[in-house]
Amino acid sequence: MLLQSDIFKHLRLYWFDYLEKELHAILLVPEYEMMVDEDAPSIAAMEFREERLTPLIRLCERIWSELPVYMVQSSLENGGAASLSQIAEGCAPQAWPFAIVPADLADKVRAVSPEVESSLMANNGVLLVDRRMF
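What counts and what doesn't
- Residues numbered from 1 in each chain as written.
- Predicted model: local features only at pLDDT ≥ 70, side-chain atom pairs only at ≥ 80, totals over all residues.
- Heavy atoms only, no water.
- Helix = DSSP H or I, 4+ residues; strand = E, 2+ residues; numbered from the N terminus.
- Rg over C-alpha atoms; globule rule 2.2 N^0.38 Å.
- Buried < 20%, exposed > 50% of the residue type's maximum accessible area, 1.4 Å probe, protein only.
- Contact = heavy atoms within 4.5 Å.
- Salt bridge = Lys/Arg side-chain N within 4 Å of Asp/Glu carboxyl O.

**Q** Honestly, the overall build of the chain in this entry has me stumped. Any pointers?
**A** Helix and strand counts for the chain stand at 4 helices and 9 strands. Along the chain, from the amino end to the carboxyl end, the secondary structure elements read β-β-β-α-β-β-α-β-α-β-α-β-β. Radius of gyration (C-alpha) of the chain: 15 Å, near the 14 Å computed for a compact globule of 134 residues. In terms of principal-axis extent, the alpha carbons of the chain reach across some 40 × 35 × 25 Å. Taking all 134 residues of the chain together, the buried fraction comes to 37%. Put simply, of all contacts in the chain between residues at least 6 apart along the chain, 37% involve residues at least 24 apart.

Structural data, given as C-alpha cells:
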C-alpha cells in the first residue's frame with residue numbers, strides 16, 4: 001500500500017504471513033528521505049535525520065501500546081528483521097537505529113550494541129535507540 005504522509009513522499013506498507021506463524025508488517029521509507037549526507041562514502045557513514053526519525057519512533061510507540069505487537073525492529077534497506085525463530089536461537093532483534101522489544105529481549109540488543117539508550121514503555125516494552133546514528 002502506498003500511504004499518504006505530510007513528512008514522507010514514498011511511504012509504503014507491506015504485510016505478509018511468515019511461515020504461517022508470524023504476521024510481518026513492513027513500513028518502507030526510502031533511505032534518501034531518512035538520511036543526511038548523501039555524499040558519504042557508505043550508507044553506514046550516513047546519519048539519520050532526527051526530525052524524520054522521531055515521528056516514526058512515535059508511531060511505533062503508539063502501535064506497541066495499542067495493538068497486540070510482539071516486536072518492532074528497524075533497519076536500512078540491506079538489513080532486515082530477525083524472525084522469532086532466529087531470536088529464539090539467540091539472534092538479537094534488529095535495532096538500527098531503534099527497536100521496541102519485550103523487556104526479556106532488551107538484553108540481547110544491549111549485548112550486541114551496549115551503547116543503545118533504553119527506556120521502559122507500556123505493556124512490558126523497552127524502547128531501544130542508538131543515538132550514534134543521528
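**Q** Hey, could you run me through the pattern of salt bridges in this one?
**A** Opposite charge on two side chains makes pairing possible when the charged atoms of those side chains draw close. Scanning the entire structure with this criterion turns up 6 salt bridges. With a closest N to O distance of 3.8 Å, arginine 131 and glutamate 50 form a salt bridge. Here arginine 131 is found in the segment after β9 (125-129), whereas its partner glutamate 50 is found in helix α2 (residues 50-66), with 81 residues between them in sequence. Since its relative accessible area comes to 37%, arginine 131 is described here as partly exposed. Across the pair glutamate 66 and arginine 62 runs a salt bridge, and its minimum N-O distance is 3.2 Å. Of this pair, glutamate 66 and arginine 62 both sit in helix α2, separated by 4 residues, roughly a single helical turn. Here the two residues glutamate 66 and arginine 62 agree in accessibility, since each one is exposed. Members of the salt-bridge network, linked through shared partners, are Glu50, Glu117 and Arg131.

**Q** So what exactly am I meant to see when it comes to the environment of isoleucine 26 here?
**A** Position of isoleucine 26 among the secondary structure elements: in strand β3 (residues 22-28). Along the primary structure isoleucine 26 and asparagine 123 are separated by 97 residues, whereas in three dimensions their C-alpha atoms are 21 Å apart. Those residues in contact with isoleucine 26 that sit more than four places away from it in its chain are Arg12, Leu13, Tyr14 and Phe16.

Geometry only, nothing functional implied.
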